[in-house]
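The lines below spell out each chain.
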Amino acid sequence: MAASHILAIDQGTTSTRSIVFDARAQRVAVAQAEFAQHYPEPGRVEHDPEDIWRDVQATACEAIAKSGLTAADIAAIGITNQRETVVVWERETGRAIHPAIVWQDRRTADRCAELRGDGAEADVRERTGLLLDPYFSATKVAWILDHVDGARAAAEAGRLAFGTIDSFLLWRLTGGAVHATDVTNAARTLLWNIREERWDAAMCDLFRVPMAMLPEVHDNAHVYGLTAPGLFDAQIPIAGIAGDQQAALFGQACFAPGMTKSTYGTGCFMLLNTGTQAIRSNQRLLTTPAYRLNGETTYALEGSIFVAGAAVKWLRDGIGVITHARDTNDMATQVADNHGVYMVPAFVGLGAPHWDAEARAAIFGLTLGATQAHLARAALEAVGYQTLDLITAMVSDGGGRPATVRVDGGMAANDWLCGFLADLLEVPIERPADLETTARGAAFHAGLATGIWSGLPELERLWSRERCFEPSMPQDRRQTLIAGWHDALCRTLGKTVARPGHPAADHAPG
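Owing to the predicted nature of the structure, the values given are computational and were not obtained by experimental measurement. (Residues numbered from 1 in each chain as written. Predicted model: local features only at pLDDT ≥ 70, side-chain atom pairs only at ≥ 80, totals over all residues. Heavy atoms only, no water.)

A.B. asks: Let's hear about the state of the cysteines: which residues, and what values?
C.D. replies: Enumeration over the complete set of coordinates arrives at zero disulfides. In this structure cysteine 418 is a free cysteine whose sulfur lies 10 Å from that of cysteine 468, the closest cysteine sulfur available. (Disulfide = S-S within 2.5 Å.)

A.B. asks: Pulling in residues and values, what's your account of helix H12 (residues 372–396)?
C.D. replies: The end-to-end C-alpha distance of H12, which contains 25 residues, comes to 37 Å, matching closely the 36 Å that a straight helix rising 1.5 Å per residue would cover. For H12, the buried fraction is high: 21 of the 25 residues fall into the buried class. Of the residues flanking the start of H12, the one acting as N-cap is threonine 371, its side-chain oxygen 3.2 Å from the backbone nitrogen of alanine 373. At the C-terminal side of H12, glycine 398 shows a positive phi close to 95 degrees. (Helix = DSSP H or I, 4+ residues; strand = E, 2+ residues; numbered from the N terminus. Expected span 1.5 Å × (residues − 1). Buried < 20%, exposed > 50% of the residue type's maximum accessible area, 1.4 Å probe, protein only. Polar contact = N/O pair within 3.5 Å; in protein donor to acceptor, adjacent residues only side chain to side chain.)

A.B. asks: Report on the environment of leucine 293, specifying residues and quantitative values.
C.D. replies: Note that leucine 293 resides in strand E17 (residues 286–293). Owing to a relative accessible area of 15%, leucine 293 belongs among the buried residues under this scheme. For leucine 293 and alanine 76, which are 217 residues apart along the polypeptide, the C-alpha to C-alpha distance reads 17 Å. Apart from residues no more than four positions distant in its own chain, leucine 293 is found in contact with Asp219, Ala221, Phe250, His445, Leu448 and Leu456. (Contact = heavy atoms within 4.5 Å.)

A.B. asks: How would you summarise the confidence of the model for the protein chain if you had to cite specific residues and measurements?
C.D. replies: Mean pLDDT over the protein chain works out to 91, with 97% of the residues at or above the 70 mark. This model gives residues 500–510 a pLDDT under 50, and the stretch forms 20 contacts once residues within four places in sequence are excluded. (pLDDT = per-residue confidence, 0-100.)

A.B. asks: Tell me about the nonpolar core, and name the residues and values.
C.D. replies: Counting 109 residues, the largest nonpolar core has Leu160, Leu191, Phe207, Met213 and Ile429 as the members making the most contacts within it. Considering every element that reaches this core, the biggest residue donor is H12, with 14 residues. Contact partners of phenylalanine 207, with chain neighbours within four places excluded, come to Leu115, Val124, Leu132, Ala138, Thr139, Ala142, Leu190 and Leu191. Residues Val20, Ala60, Ala63 and Ile74 belong to the second largest nonpolar core, which totals 34 residues. (Core = buried A, V, L, I, M, F, W, Y, C linked by side-chain atoms within 4.5 Å.)

A.B. asks: Give a detailed account of the environment of proline 237, specifying residues and quantitative values.
C.D. replies: Considering the arrangement of structural elements, one finds proline 237 in strand E14 (residues 237–243). Those residues in contact with proline 237 that lie beyond four places of it in its chain are Ala75, Ala76, Ile77, Val223, Gly225 and Leu226.

This is the structure in structure tokens:
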């Protein structure tokens, strides 16, 4: 019998999961492992690539074993990954020369500011669709080359390889035979020209990243290579790769222009499908490939929020306000309102549409009547307000207001949050039957490449909705809440926040 299952490797910011899907895109088995986060200095976040590789091997084997299958029953592997996180390794040994620098890391903020001061951002935006921010990969790569002895010379001589996590895993899975990535990950490096669809020599020169380090770039649904002999009981094709947020868009079957998904995990990421048009954003959103199939690219507008679930994690681990993340749902319903308490969760700066790397988190409106429940509610509400900022910017950019928003990620299991999102955005919020949409997206790509599924219409039929949350909040209440958020945001940033169509003032009022 032909192999008919897909193994999806979902390598995230705080954990690695491996999931086996059957031909109906149903989960058969899951294995997960959390790994250590390293914070060597304020604003710096690192991972040990060997931790990640160890967990990928362990969870992949465990998921296959749990499914009751063997490697011979797996038609293909799909990979999805935390984007922008950087690994530089030796081609000869496969050894990473420095810990992976994580997408949340802000150590290159000064370098980005310097480049902005030199007037480089307009050209960067035109070529890459991105902004000059330490969030993206290029300045991280340059930092490693400048701070590891001999690294720059080795890179220029072609002895070092650079990759985002997917590329590093592909290298390891193939025993060093394949150094490649997909278009969605390449497009998050500040080095990929999204209009000409190639590595951009001018960007490599600007960021001082030797082109000899760069991987080949392929479609998302593409047979990249086979797993190395001995890694599993049989060699398995690696046939799909996508950055986590684009994988979630694909897993949510958002294939038509105007369809929108918003993922709530460590951060929050909203993508709006814009079809074959790469819309130039005037609201500091990102223009990014959503996926490329058979050589044709579909684009998206993206808004990236750095902290969503991470704020809930801080409430739990940082100050002990909650015991479990799920407690926030009940705590939010215990109080009649937010009591005027607002959290601006700029723990690692603010992402779209503000892009302030130096902003730091703040809580406003505390009185003696404020409780732990109000803090929990403020953390959830902050996710909604930031999502509203994104969707408002997308509409202003000409992306159109979506008819619905499909949500996923761990926080999407929170009923209170989904209802609040519907009220703030004034659109129905659709929650899928399976919240593992990121892994599903990777599986979909791998299945397309290997003939498990015939095309996008079949994938659309595999998507199903678990619940729809309809807007119900009175308009005056909604406007009061939004005004409070804008006031808190202004105070955090020290200026009046620009809203679409309204220029920002230099300083906060009064």
